[in-house]
Amino acid sequence: MIDDDLDKLLSDIDEQNEYSSSREATREFQQKQARRHDNVVLPEEDGTDQKESFLKRIERIDYGNASEFHDKGITGAIRYHIDQCNRFKDAITYFDAPEGLQSVLRKYNYTFVRYLENIERYFDKYVIELNRDNLRKKAQKDFPLMFEGYEEENKINFLLIKELFVNLRNYNTLVKHEWIELGKSIGVINFADGGKALFQQLDNIVAESTGYCKQTDIFLHAVAAILSLPVDDFDVLERDMNNRLVYHDYFDYSLENMYSFVPEVRESINKQGQVEEYRKERSQAQESEKLEEKLSEPGTSQEEQQHNADADNDVQDDFSEPGVETYTGSSAVNFTVKGTRHWNTREPYIIQIDPEKLGDDYRQMKDAFYFTMSPLSDDALKGEIRRNLVKYKSGSNTDVLPGYEEFLSRKISSLFNEIMDEFNISKENQSLFFYHLGPATVYNILLAEFKNNGYGSCFKYEEGNRIKRFLPTEFIKENVLRWFENNINSLDLQFDSINNFDSMRKMVTRKYYSEIDQFNKRVDEVIRRMDQDAQKKIDRKKFIKQKAPLRFSLMQMIIYNRFVEKTAFK
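Okay, the overall build of the protein chain next. Per the secondary structure count, the protein chain includes 24 helices and 3 strands. Pairs at least 24 residues apart make up 75% of the contacts formed inside the protein chain by residues separated by at least 6 positions. Accessible area of the protein chain: about 32200 Å², with a carbon and sulfur share of 47%.

With that settled, consider helix H23 (residues 540–551). Between its terminal C-alpha atoms H23 stretches 16 Å, which fits the 16 Å expected from 12 residues at 1.5 Å a residue. Within the sequence span of H23, burial applies to Phe543, Ile544 and Ala548. Each buried residue of H23 sits inside an arc of 145 degrees when the element is viewed along its axis, so together they form one side. Of the exposed residues in H23, those oriented more than 90 degrees away from the buried face are Lys542 and Gln546.

Moving on: the packing of aromatic side chains. In total, this model carries 48 aromatic pairs according to the counting rule given. Relative to Phe147, the ring of Phe143 has its centre 5.4 Å away and its plane inclined at 35 degrees; by these criteria the two rings are tilted. On the accessibility criterion, Phe143 (3% relative accessible area) is buried. The interplanar angle of 65 degrees and the centroid separation of 4.9 Å between the aromatic rings of Phe416 and Phe434 together place this pair among those described as edge-to-face. Here Phe416, found in helix H17 (residues 401–422), pairs with Phe434, found in helix H18 (residues 430–437); they are 18 residues apart in sequence, far enough to count as distant. The burial state of Phe416 is the same as that of Phe434; both residues are buried.

This next bit is on the pairing of strand E3 (residues 466–470). Summarising the sheet, strand E2 (residues 458–462) and E3 pair through 5 bridges and their orientation is antiparallel. Bridging across to E3, Glu462 finds its partner in Arg466. Between E2 and E3, which pair antiparallel and follow one another directly, the connecting turn spans 3 residues, one of which, Gly464, has a positive phi of 90 degrees.

This next bit is on the pattern of salt bridges. According to the stated counting rule, one finds 32 salt bridges in the structure shown. Measuring nitrogen to oxygen at the nearest pair gives 3.7 Å for the salt bridge that ties Glu422 to Arg79. Here the residue Glu422 occupies a position in helix H17, and Arg79 occupies one in the loop between helix H5 (74–78) and helix H6 (80–91), the gap between them amounting to 343 residues. Both residues of the pair, Glu422 and Arg79, count as buried. When the shortest N-O distance is used, the salt bridge between Lys138 and Glu163 registers 3.6 Å. Of this pair, Lys138 sits in helix H8 (residues 132–146) while Glu163 sits in helix H9 (residues 153–185), and the two are 25 residues apart along the sequence. Connected through shared salt-bridge partners, Arg79, Asp83, Glu422, Lys511 and Glu515 make up one network.

Judged by nonpolar contacts, the single largest core of 78 residues is most densely connected at Phe88, Phe165, Trp179 and Ile189. Element by element, the count of residues in this core is highest for helix H11 (residues 196–226), at 14 residues. Apart from residues lying up to four places away in sequence, Phe88 is in contact with Phe112, Leu116, Leu182, Ile186, Leu202, Ile205 and Val206.

Let us look at the pairing of E2. In this sheet, E2 lies alongside strand E1 (residues 368–371) in antiparallel orientation, the contact comprising 3 bridges. Bridging across to E2, Phe371 finds its partner in Cys458.

Right, let's talk about helix H15 (residues 355–367) for a bit. Taking 1.5 Å of rise per residue, the 13 residues of H15 would be expected to cover 18 Å, and the 19 Å separating its terminal C-alpha atoms lies within 8% of that figure. Buried within H15 are the following residues: Leu358, Asp361, Gln364 and Met365. End-on view of H15: buried residues confined to an arc of 125 degrees, all on one side of the axis. H15 presents Glu356, Arg363 and Lys366 as exposed residues on the side facing more than 90 degrees away from its buried surface. On its buried face, H15 sits against E1, H17, E2, E3 and helix H20 (473–487).

Moving on, we come to the sheet that holds E3. Here we have 3 strands laid out as an open sheet, ordered E1-E2-E3, and antiparallel in their pairing. The open sheet is flanked by E1 and E3, the only strands paired with a single partner. With direction set aside, neighbouring strand axes in the sheet form an average angle of 30 degrees. Most of the contacts of H15 go to E1, to which it runs at about 90 degrees, and overall it touches E1, E2 and E3.

Here H17 crosses helix H24 (residues 554–563) at 70 degrees, and the two axes come no closer than 12 Å. Taken as axis vectors, H17 and H24 run roughly perpendicular relative to one another. When H17 is examined against H24, the residues Leu415, Glu418, Ile419 and Glu422 are found in contact with a partner set consisting of Met555, Gln556 and Ile559. Considered class by class, the residues forming the contact of H17 with H24 number 4 nonpolar, 1 polar and 2 charged.

Within the secondary structure, Glu178 sits in helix H9. In this structure, Glu178 is buried with no salt-bridge partner, the nearest side chain bearing the opposite charge being Arg121 at 6.3 Å. Filtering out sequence-adjacent residues up to four positions away, Glu178 remains in contact with Tyr115, Asn118, Ile119 and Tyr122.

Rules used throughout
Residues numbered from 1 in each chain as written. Predicted model: local features only at pLDDT ≥ 70, side-chain atom pairs only at ≥ 80, totals over all residues. Heavy atoms only, no water. Helix = DSSP H or I, 4+ residues; strand = E, 2+ residues; numbered from the N terminus. Contact = heavy atoms within 4.5 Å. Areas by Shrake-Rupley, 256 points an atom, 1.4 Å probe, with all protein chains shown as cover. Expected span 1.5 Å × (residues − 1). Buried < 20%, exposed > 50% of the residue type's maximum accessible area, 1.4 Å probe, protein only. Arc of directions from axis to C-beta. Phe/Tyr/Trp six-rings, centres within 6.5 Å; stacked < 30°, edge-to-face > 60°. Pairing = 2+ DSSP bridges. Salt bridge = Lys/Arg side-chain N within 4 Å of Asp/Glu carboxyl O. Core = buried A, V, L, I, M, F, W, Y, C linked by side-chain atoms within 4.5 Å. Axes fitted to C-alpha atoms, helices over the stretch in contact; angles between N-to-C directions. Parallel < 35°, antiparallel > 145°, perpendicular 65-115°, else oblique. Nonpolar A, V, L, I, M, F, W, Y, C, P; charged D, E, K, R; others polar. Lys, Arg positive; Asp, Glu negative; His and termini not counted.

Given below as structure tokens:
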């Protein structure tokens, strides 16, 4: 009887109204908490009010390596760990190490590489999360959870800093753990024959990296102070964080203002202001000189401009190759060929897609139940396949196509940032550089990365209890074109300027020859240490080509082959 009455009572509840009112009550409570915190005057020894107290507190705290994040940008600063991984990989690639050391390196190589790949995987994830645009989108999405009413720029900036804090804290914690564990594993090298020098080198790399993590932790504590997050709540979960933060109306929460409290940045800003003032004065003086020249020689400036324009057109005509057919293949992507010259309307500015193979990719992916997003050991891969196969056979939704599209989009965006950092491309030229790199080159980099590191593959179940593994190459091409159409072709760029292309080509060429010269010196040193008979038998060109992957990444080699006429990799 009691159970029947209880069931009736529960059945009378309007779920939607209850949910809405509960959500509204929660939001109201959060706002009250935020406002309550905002009215609390934090105690100060000198008796100053809350505003002065807050400003004094954030002026005198240590900002760690904040200047790195200011100068390089957030994603540029966290790339430090990728550079350190590359240094570590270079160091353990010994051409002529003693046999005892080589044996140890072979035995423990998987252990070392596992930690390095974990760091790289974390970077691939958080370089997207920490992108400034993505931080802002997340801040806008979470605005109703913290504030009421219309969006205000300063409140959005407050939440953006919160998102920066959460994601950078998570990334730094994960990466620091990997460096510490890697540091523990390299002790075996110190006891190998001839391994002391290498151990010291690797130990220094680990120490520098963990030191960078500690400095980043200091920076994060400074960010927490700006958010007025209590010290004891530094490690609080994100879901419990909002009620512990304090928003101050009077404070400018833009990243630029936050960085202005960093002594090194403030000094740099002051120096930059002096430089800009000098440039402004110098520019005004030069403009005055030009005006005097124009008055004394009327018409000259216009003639020179016309001459320069004609010369640029002549250079473009020299690159024209009549009769080259442009073919982009059959695809669901409405890809726009932005170039109008023959030299930029063919590969690598387009990709040829086989329509039959593309259709086959779609059919196979429809039946696929799993795909790999990162390198896995054999045991881990078998475990993932088993778990996903059970879901597939139980009738659960295992459609991999949307997930694989998102994976490719994120991978290309991550690759974009990695390339810009590697070649130090200025922000205003990044999109144009990627345009000249071309969809075909980006596809080649992805394909090489997937094949070399064993991920990006899809798995489908076939009759006879067989699992088929396949790489949907034409589908990857289609998604590369889609990414370019959405992120590059939609921009207002100088697509046909051969001068811009030539300056980028020269920049990459200079970087290539600088690095290949250093590599050649190292190869020559190795060859000199060989006995006379071995030196006579060695094919130096072939030897360099074989050893190049030890010094250059697949990405570097493919990009150098794109822009440099002759490389050691071809």
